[in-house]
Amino acid sequence: MEKKIRVKLKGFDVQVLDKSAQKIIDAAISSGAKTSGPIPLPTRIKKFTLNRSPHIDKRSMETFEMRVHKRLIDILSPTGKTIDALTHLQLPVGVGIEIK
């Protein structure tokens, strides 16, 4: 059975998310592992509609949306150096990381 590490990244800003994915791939390749990805997963869009005024005018509403972008990276045949490189990696604020 081949071992692999699956890394999922989540964030609101696409450019920061892609830079973080590139950092992870560079760290894995420099430690001698092979990588697959980053694979863009579907973007989740949450929409909120609020009244502009708290009293009258239900017809006057404002809509906001929040986009959550996701990336998936598979690290194939990781070594001990790969795991050390991933644990000591500094990622920017606003990027959620899940390692399995």
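These figures come from a predicted structure and were not determined experimentally.

(A) Molecular detail of the overall build of the protein. For the protein, the helix and strand inventory stands at two helices and four strands. Counted from the first residue to the last, the protein has its helices and strands arranged as β-α-β-β-α-β. Taken against the 2.2 N^0.38 rule, which gives 13 Å for 100 residues, the C-alpha radius of gyration of the protein at 19 Å runs more than 25% over that of a compact globule. With the principal axes as the frame, the protein shows a C-alpha extent of 65 × 25 × 20 Å. Within the protein, the fraction of its 100 residues that count as buried is 24%. Taking the intrachain contacts of the protein between residues at least 6 apart in sequence as the baseline, contacts between residues at least 24 apart amount to 74%. Of the roughly 7300 Å² of accessible surface on the protein, 56% is carried by carbon and sulfur atoms.

(B) Here's a closer look at the nonpolar core. Judged by nonpolar contacts, the single largest core of 13 residues is most densely connected at I5, V7, L9, I24, I73, I75 and L86. Elements with a contribution of two residues or more to this core: β1 (4-11), α1 (14-30) and β3 (61-76). In terms of residue count, the dominant contributor to this core is α1 (five residues).

(C) Expanded view of the pairing of β3. One ladder, built from eight bridges, connects β1 with β3; its direction is antiparallel. Directly across from I5, in β3, lies its bridge partner I75.

Cut-offs applied
Residues numbered from 1 in each chain as written. Predicted model: local features only at pLDDT ≥ 70, side-chain atom pairs only at ≥ 80, totals over all residues. Heavy atoms only, no water. Helix = DSSP H or I, 4+ residues; strand = E, 2+ residues; numbered from the N terminus. Rg over C-alpha atoms; globule rule 2.2 N^0.38 Å. Buried < 20%, exposed > 50% of the residue type's maximum accessible area, 1.4 Å probe, protein only. Contact = heavy atoms within 4.5 Å. Areas by Shrake-Rupley, 256 points an atom, 1.4 Å probe, with all protein chains shown as cover. Core = buried A, V, L, I, M, F, W, Y, C linked by side-chain atoms within 4.5 Å. Pairing = 2+ DSSP bridges.

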